[in-house]
Amino acid sequence: MSRSDDIWILGIHMTKFGKHPNLDVVDLGAEAIHGALADAGVTMADMGIIAAGNLLGSGSIAQQLQKQVGQTGIPAYNVSNACATGATALRTVIMAVKAGEVDMGLAVGVEKLAGAGLLGAGGKAKADNDEWARNGRFGAVGPVDGRIGTESMPGVFAQIGMEYGHKYGGADFELFAKISEKNHSHSTLNPLAAYNKAMSLEQIMNDVMIAYPNTRPMCSANCDGAAAAVVINGEKLKTLSLEQQRRAVKVSASILTSDPWQEACQVLPDVNTLTRNAAHQAYEQAGVGPQDLNLVELHDCFATAELVHYDNLMLCEEGGAVDFFESGAPYRDGKMPVNVSGGLQSKGHPISATGIANIWEVCQHVRGEAGDRQIEGAKVGLAHVIGLASACGIHILERSAA
Amino acid sequence: MSTATQIPFVEYLKLEPTPHLVANECTSCGARFFDRRNACAGCFNTEFTPVDIPTEGVVRSFSIITFAAPGVDVPFVAAVIDCGGTSVRANIINCPPDPEHVSLGMSVRLATTVVGIDSAGVEAVNYGFEPA
Ligand SMILES: [Zn+2]
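Quick summary incoming for the structure in this document.

Our focus in this paragraph is the interface of chain B and chain A. With 52 residues of chain B at the contact, the number on the chain A side is 44 residues. Together, the buried faces of chain B and chain A total about 4,100 Å²; carbon and sulfur atoms form 58% of this surface. Three residues, Phe9, Arg60 and Arg89 of chain B, lead the burial of chain B against chain A; their summed loss comes to 18% of the area buried on that side. The tally of links from chain B across to chain A stands at 2 salt bridges. Between Arg89 of chain B and Glu151 of chain A there is a salt bridge, with the nearest N and O atoms lying 3.1 Å from each other. Put simply, chain B and chain A have 22 residue pairs in polar contact (both at pLDDT 80 or more) between them. Broken down by secondary-structure element, the contributors of at least two residues to the side of chain B that touches chain A are strand 1 (6-8), strand 6 (56-65), strand 7 (76-83), strand 8 (86-92), strand 9 (107-117) and strand 10 (123-131) of chain B. The class makeup of the residues in the side of chain B that touches chain A is 30 nonpolar, 14 polar and 8 charged. As paired strands, strand 5 (residues 209-212) of chain A and strand 6 of chain B are joined by 2 bridges and run antiparallel to one another. Directly across from Ala211 of chain A, in strand 6 of chain B, lies its bridge partner Ile65 of chain B.

Moving on, we get to the packing of helix 1 (residues 25-40) of chain A against helix 2 (residues 61-69) of chain A. Angle between the axes and distance between the axes: these two values describe a pair of packed helices. Residues and elements named next belong to chain A. The contact between helix 1 and helix 2 brings their axes to 9 Å, and the two run at 65 degrees. One way to sum up the angle between helix 1 and helix 2 is to call them roughly perpendicular. Judged by the sense of rotation from one axis to the other, the crossing of helix 1 with helix 2 is right-handed. Residues Val25, Val26, Gly29, Ala30, Ile33 and His34 of helix 1 form the contact with helix 2, whose participating residues are Ile61, Gln64, Leu65, Gln68 and Val69. Of the residues that constitute the contact of helix 1 with helix 2, the class distribution is 7 nonpolar, 4 polar and no charged.

Rules used throughout
Residues numbered from 1 in each chain as written. Chains lettered and ligands numbered in written order. Predicted model: local features only at pLDDT ≥ 70, side-chain atom pairs only at ≥ 80, totals over all residues. Heavy atoms only, no water. Contact = heavy atoms within 4.5 Å. Buried area = accessible area lost by both parts, 1.4 Å probe. Salt bridge = Lys/Arg side-chain N within 4 Å of Asp/Glu carboxyl O. Polar contact = N/O pair within 3.5 Å; in protein donor to acceptor, adjacent residues only side chain to side chain. Helix = DSSP H or I, 4+ residues; strand = E, 2+ residues; numbered from the N terminus. Nonpolar A, V, L, I, M, F, W, Y, C, P; charged D, E, K, R; others polar. Pairing = 2+ DSSP bridges. Axes fitted to C-alpha atoms, helices over the stretch in contact; angles between N-to-C directions. Parallel < 35°, antiparallel > 145°, perpendicular 65-115°, else oblique. Left-handed = near helix turned anticlockwise from the far one by under 90°.

If you want it as structure tokens, here you go:
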């Protein structure tokens, strides 16, 4: 057993996102695992731990996957942290490797979502002729969703973007639609994206309104997909081939936060404070600042969310997200490319896979293996996810010096 | 004026003497919660005192919701209202649900609406905020 504080991604893989009618969650997860192991040049025999996430399946996804790819008796962790589930699985493995309990570990996230409707909205209406009865923590006599604000994800994140507009000004429907136009345009270069067609501003603004100001293409795309990563410590990496050392990607920061109490955070989820906290910690841990990043994959579950995270990740001055966008910075040819994968709006958002898939994207670039969408000379990138209620994962990844 | 018996839709809405919201305020740090708490999420204190929330405020954020759970009338306006420093989640009511009539920073006041009547003839009364 070896130990070092250096943590590396030895291999990583994401499946094509989209509709996979003939593959179940186990097939998809196993495909991602085999891809990651092959990319790493190792086998299940080398793995000391597995952590896996799958929100909408039947449970114990880690053990289900072991039965498909190899049951070696290693500890298996089934993790769940909403849209940050994949990042949480990765973080779990990183902690085990960093603690020196294992040399190498495997993290995987997988989801089957194609055809799923709106997420987050729910509640049961009163059956006719019943008498009112109080239920839940608010003692409500009926579902509060839709009667006292909204619990639907498009509506919640719409308000998160609008709140930013109220605070700083300049954020309107057209601005949010332009952010979506950027990401759909980026996706044309990503063969693994669920949707890779460019959309005009007019098309986006005239599409079906889901929750103003988010139209359908401004919402994350429900789809199927999986992603997996092999984590290794620096000492063990030195014993592997030069080619493995050269392609390994350094994890310079791995951070997970939850939301600290803030006034209003239980009325409208506060995705800002925990992201800003995670970003501060990540930059400190990595010893880099936002100006050192060559690309950022951030959690654009809705166009309205992307705007606030420019600010939360400190890619711009506080309150300056609108100006930052309008300067052209977050376009792939700008000074701080954001979501060159197409983001969740077009690449897709198979919930548990998302927090590893965004790391895969950054790894492709810092390895110089991103093909047509390569950000030239990328050395350092940041991957961010948010799961409501809330969890935030941030990883900073750097090219190997080997 | 209806003669039917009325009950509030949620426990934190009080109908008498005039409709208003009541929060549980932490006696230590002043944090306010609309549901019951084992301890304050901000400072872990376990004592709370009920406080009346101002019935007037401004729209801090909103979204116009087109798709919702069955039984919910759409479109409707979901909003966060700043009521004198306390944030309240509510629908904007008595106002056309479009961006021409709802705006950030708009002044609003609490209003009530009957959401239904049960087999015993009791009306459930909900709150929303209307343009002030
Ligand atoms: Zn307190």
